[in-house]
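Summary of structural features
Listed here are the chains, written in short residue letters.
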Amino acid sequence: METILGLDLPTWWFLVIGGLITGYGVLDGFDLGAGALHLFFKKEESRRLVLNAIGPVWDGNEVWLVIAGGALFAGFPLVYGVVLSTFYIPFMLFLVALIFRAISIEFRSKEPWLWWRKMWDISYTVSSTGITLLLGLVLGNLIHGLPINKEHEFTGNLLTFFNPYAILIAFTTLSLFMLHGAIYLVMKTENRLYTRLTVIVNNCSKFFILCFILTSMATLIYVPHMTHQFKTHPELFVLPMLAVLILLNIKRNIDARKYYTAFLYSSIITACLLILFAVGLYPNIVISTTDPTYSISIYAAASSVKSLKIMLLIAAIGTPMVIGYTVFLFWTFRGKVKLNEMSY
Amino acid sequence: MPSVEILSRIQFAFTIAFHYIYPPLSIGLGLCLVIMEGLYLRTGLALYKDITRYWIKIFALIFGIGVATGIVMEFEFGTNWATYSHYVGDIFGSALAAEGIFAFAMESAFLGVLLFGWNRVNKGVHFFSTCMVALGSIFSALWIVIANSWQQTPAGFRIEGHDLHARAVVTDFWEMVLNPSSVDRFSHVIIGSFLAGSFLVMSVGAWYILKQRFVKHAQAMFKVGLSVAVIAALMQLFTGHRSAHYVSKYQPAKLAAMEGHYDSSAVAPMYLVGWVDNKNEKTTGIKIPGGLSFLAHGSFSAPVEGLRATPKEDRPGAVNFVFQMYHIMISIGMILIGLTLLAVFLLWRKKLFHQRWLMIIFAWAVVLPQIANQVGWYAAEVGRQPWVVYKLLRTSDALSRKVTGDQVMFSLILFTLVYLLLFTLFMYLLTRKIQHGPDISEHAETEYDGYYHDNLTYHPKS
């Protein structure tokens, strides 16, 4: 098979999709986390400030989901169909939650009435939390593996998804995004809200560390195929060790009130955890718990060589542009958030 | 309970039809915003700044719902149409990914600057952002229409594997992108979108004029809308003709359904209004004899391939529906041309804004391009049946095999409820925004009068 820099095309495409999902996790992660935390702020001004802290950027962040979805569709159409139709109900709820989240942000400030704002505040937090938990649940099930038969058909039911491991991953995702979001908000705020957020950041970091430890243990005990890769490639052990070191660094920077650095590290740990997950799966994407030979590998699922090449070219041209817009946007809205007449 | 296929089709049709209320408005408003802000930059008049800022707020409302309902569409391919996803992923997926990476990312990032950047960036950068958002929305449509056009007129591919494992694989990217219907359908869609956006602008302007509120601002926005609408309405005649021509060449069964034409050996008329009795394969109505023959072959006496040339199981079933939708679209297109030309004429005679009756018509005419856009797509998509990829993959074979009727029923009810709520909220907030009106800068109106008065007497603003 054709290779570029020693890697075959499906592997390249696996990396591209992994990169896009990581980009989505790092970017939308903080605004989803901010949404999950929204109801912890009681005063109207605080709520407006934290909402406007993500105001100009959340939509751009969500684009990464659209691109990652399109990339999965284009690169591994079989997996796209199997995964989305398998998780039919969770994905439908996910889509509805995305709608509610978007309109909560957009509609909240349109009327001054107390009940109106309260309603959208609740809707915003519930949908942000729901999106995060559903993403975590799907991720947890993909790590754990699914009952898939020879024809790549799912043989379980809705309850199959709610296994303890997947639920743990869902809450770990939530804790990570809440921490990530809290650090982002602390960077964007000042005065009393800032002080309040420093406390929230501390609590979030404790929540995340607890989840991190539980997830690490549960993965070692219950998901042997995740650790299989590490036995054959011991050098990969550097990854989990790195994750632990970064975790300690986040805590250290939070304690030292260096929130920009802490944000950098919470971004890296999001990436690090997703890379660990990708390494554990590779070269499969969907693991069958019915029979390992029924698992769907990237080679079975990949589009044609020609299509993958074209798409790599598109990604090579497009990704720097997307990163460029993202940087431009964040640079334009750098510094502490201020309210004005165009704010939400 | 209806079958999974019917439920999935209803769900897809419902979610896409609802979604399609918004993107055309964004695309059309995007262009109007570029013109308004461009006029502000050129003249420095506060009035243009007022209306730009006003329409940006409405744009944001529309764009937000467009994005939220658009993401649903992307994922629905996988959830409900897994076999289809596998079949077309190599081609359709790449167009969708290109849309995300080239268009949507640009649109969303610059939207942030457009909405929140007035005090953060200078006028030039802000205008640039407006242009990028407008351009992004057009690129977005480009890739989506390319993907859809490939389903209508597949090109640049070959089929690999068979039965359940069959899939289309790209052999020539540019041939796939520039498949026979891409260009015609894209231009038709974009101009339809310009009409949707510009008629919204004119509708709001006309309403203010009727209510005698913000009159100067209203006239300025009406003129911006009209300048887009009149060109678009006339161009739509051309792109519509081109589209009909490609259909006649590549999807004869669809064209035959659009005009209710059954007999291949006969000269085909073009109906102004009519009714198709599909059971007895008979069409009645007011017609131009040989009209369709002329449209398809450039001659009033040439025979046109009829529906009977296609086996029953391979042609659309809902012929009368396709016929009616197609004819509603054309009738509206003609009305839009008439309305905009009349408005331009009266504007030239300096009588436009005194015609109450015409302002009332324009205030309501906002629904016309919306209806035309909707029914045009119904005709195009229902007319393609029973194929999801023309002559290659049947809609009934494209489903997700493991999704059950209960699941689709659940999601269909869920979307129906959510979208009803969404539409109610949208209409409520839009009405509120319109009632509130633009925030008027001090001296905006006198400055505007002075500027144009000076211009008329050849004394440009210093």
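Positions within a chain are numbered from 1, following the residues in the order the chain's sequence is written. All chains are assigned letters beginning with A, and all ligands numbers beginning with 1, in the order in which they are written. Side-chain atom pairs in this predicted model are given and counted only at pLDDT of 80 or more, local residue features only at pLDDT of at least 70, and totals for whole chains, interfaces and linings cover all residues. Based on all heavy atoms of the structure, the side-chain values leave hydrogens and waters out of the count.

1. Some words on the overall build of chain A
Each helix and strand in chain A was counted, giving 13 helices and four strands. Within these notes, the globule rule equals 2.2 Å times the number of residues to the 0.38 power, and the radius of gyration is based on C-alpha atoms. In terms of C-alpha radius of gyration, chain A reaches 20 Å, essentially the compact-globule figure of 20 Å for 344 residues. Once the C-alpha set of chain A is aligned to its principal axes, its extents read approximately 60 × 40 × 35 Å. Accessibility here uses a 1.4 Å probe with only protein chains present; expressed as a share of the type maximum, an area under 20% marks a residue as buried, one over 50% as exposed, and anything in between as partly exposed. Looking at the 344 residues of chain A, the share that counts as buried comes to 61%. Contact between two residues is taken to exist if any of their heavy atoms lie within 4.5 Å; hydrogens are not considered. Considering only intrachain contacts with a sequence separation of at least 6, the fraction spanning at least 24 residues in chain A is 78%. Areas reported as accessible are Shrake-Rupley estimates using a 1.4 Å probe. Residue values count occlusion only from the protein chains shown. Total accessible area on chain A stands at roughly 13800 Å², and carbon and sulfur atoms take up 72% of it. Taking the average place of the 24 positive charges on the side chains of chain A and the average place of its 18 negative ones, the gap between the two points comes to 12 Å. Helix and strand assignments come from DSSP, with helices taken as H or I runs of at least 4 residues and strands as E runs of at least 2, each series counted from the N terminus. Asp and Glu count as negative and Lys and Arg as positive, but His and the ends of the chain are not part of the count. A charge is said to be at NZ when it belongs to Lys, at CZ for Arg, at CG for Asp and at CD for Glu.

2. Observations regarding the nonpolar core
Residues Trp13(A), Phe76(A), Ile183(A), Trp55(B) and Tyr84(B) are the most contacted members of the largest nonpolar core, which totals 266 residues. Leaving out residues up to four positions away in the same chain, Trp55(B) has contacts with Leu29(B), Leu33(B), Met36(B), Leu200(B), Val201(B), Val204(B) and Met221(B). Core analysis: the second largest hydrophobic core is formed by 27 residues, Val247(B), Val304(B), Val319(B) and Phe323(B) among them. We call a set of buried Ala, Val, Leu, Ile, Met, Phe, Trp, Tyr and Cys residues a nonpolar core when their side-chain atoms join them within 4.5 Å.

3. With respect to the pattern of salt bridges
Residue and element names in this part refer to chain B. Put simply, a salt bridge is a Lys or Arg side-chain nitrogen that is within 4 Å of an Asp or Glu carboxyl oxygen. Going through the model one piece at a time under the given rule, you end up with 21 salt bridges over all chains. Salt-bridge contacts for Arg394 lead to Asp314; the nearest nitrogen and oxygen are separated by 2.5 Å. Of the two residues, Arg394 is situated in strand β6 (residues 393-394) and Asp314 in the loop between α10 (291-297) and α11 (319-348); the sequence distance between them amounts to 80 residues. When its relative accessible area of 18% is taken as the criterion, Asp314 is described as buried.

4. Quick notes on helix α7 (residues 164-188) of chain A
Given a rise of 1.5 Å per residue, 25 residues ought to cover 36 Å, and the 36 Å separating the end C-alpha atoms of α7(A) matches this to within 8%. A large share of α7(A) lies buried, amounting to 22 of its 25 residues. By this rule the span expected of a helix is its residue count minus one, scaled by 1.5 Å.

5. Regarding the state of the cysteines
Disulfides are defined in this document as cysteine sulfur pairs within 2.5 Å. One pass over the full model with this rule turns up zero disulfides over all chains. Here Cys272(A) is not disulfide-linked; the sulfur of Cys211(A) is the nearest cysteine sulfur, at 17 Å. Cysteine Cys131(B) remains unbridged, with the sulfur of Cys32(B) as its closest cysteine sulfur at 13 Å. Since its relative accessible area comes to 23%, Cys131(B) is described here as partly exposed.

6. With respect to the interface of chain A and chain B
Each partner contributes residues to the interface: chain A has 69 residues there, and chain B has 76 residues. Here the buried area means the combined drop in accessible surface, using a 1.4 Å probe, for two parts upon being joined, counting both sides. The contact between chain A and chain B buries some 6300 Å² in all, and 75% of this surface belongs to carbon and sulfur atoms. When the buried surface of chain A facing chain B is broken down by residue, Phe73(A), Tyr88(A) and Met342(A) rank first, second and third, together holding 12% of it. In this assembly, chain A and chain B are joined by two salt bridges.

7. Examining the pairing of strand β1 (residues 157-160) of chain B
We call two strands paired when DSSP finds no fewer than two bridges between them. Relative to strand β2 (residues 167-170) of chain B, β1(B) runs antiparallel, the two being bridged by four bridges. Of the residues in β2(B), the one forming a bridge with Ile159(B) is Ala168(B).

8. Describing the environment of Leu358(B)
Residue and element names in this part refer to chain B. Residue placement: Leu358 occurs in helix α12 (residues 356-364). Leu358 sits in the buried class, given a relative accessible area of 0%. Sequence separation of Leu358 and Leu200 is 158 residues, and the distance between their C-alpha atoms is 15 Å. If near-sequence neighbours (up to four positions away) are discounted, Leu358 is found in contact with Leu339, Leu342, Ala343, Leu346 and Leu352.

9. Overview of the packing of helix α5 (residues 88-107) of chain A against helix α3 (residues 46-80) of chain B
Between α5(A) and α3(B), the least distance of the axes is 10 Å, while the angle of their chain directions is 175 degrees. Here α5(A) is positioned roughly antiparallel relative to α3(B), judged by the angle of their axes. Across from Tyr88(A), Phe91(A), Met92(A), Leu95(A), Leu98(A), Ile99(A), Ala102(A), Glu106(A) and Phe107(A) in α5(A), the residues of α3(B) making contact are Ala60(B), Leu61(B), Ile65(B), Ala68(B), Ile71(B), Val72(B), Phe75(B), Glu76(B), Thr79(B) and Asn80(B). In the contact of α5(A) with α3(B), the residues fall into 15 nonpolar, two polar and two charged. Orientation is described by lines fitted to C-alpha atoms, with helices fitted over the stretch in contact, and by angles between N-to-C directions that extend from 0 to 180 degrees. Oblique is the label for any angle not covered by the other classes, which are roughly parallel (under 35 degrees), roughly antiparallel (over 145) and roughly perpendicular (65 to 115). Under this grouping Gly is polar, as are all residues other than the nonpolar Ala, Val, Leu, Ile, Met, Phe, Trp, Tyr, Cys and Pro and the charged Asp, Glu, Lys and Arg.

10. Brief notes about the packing of helix α1 (residues 9-37) of chain A against helix α13 (residues 305-332) of chain A
All names here are of chain A. Where α1 meets α13, the closest approach of the two axes is 10 Å, and the angle between their N-to-C directions is 25 degrees. Of the possible angle classes, the one that applies to α1 and α13 is roughly parallel. Judged by the sense of rotation from one axis to the other, the crossing of α1 with α13 is left-handed. Seen from α1, the contacting residues are Leu9, Pro10, Trp12, Trp13, Val16, Leu27 and Phe30; seen from α13, they are Val305, Leu308, Lys309, Met311, Leu312, Ala315, Thr326 and Phe330. Taken together, the residues that form the contact of α1 with α13 break down as 13 nonpolar, one polar and one charged. Two helices cross in a left-handed way if the nearer one is turned anticlockwise from the farther one by less than a right angle. They cross in a right-handed way if the turn is clockwise.

11. With respect to the confidence of the model for chain B
Detailed reading of the predicted coordinates is not advisable wherever pLDDT falls low. Residues and elements named next belong to chain B. Per-residue confidence from the predictor is reported as pLDDT, a score between 0 and 100. Looking at chain B, pLDDT values average 89 and 98% of them are 70 or higher. Throughout residues 458-462 the model reports pLDDT below 50, and contacts reaching past four residues in sequence, or to other chains, amount to five contacts. Model confidence for the complex is summarised by a pTM of 0.89, with the ipTM given as 0.86.

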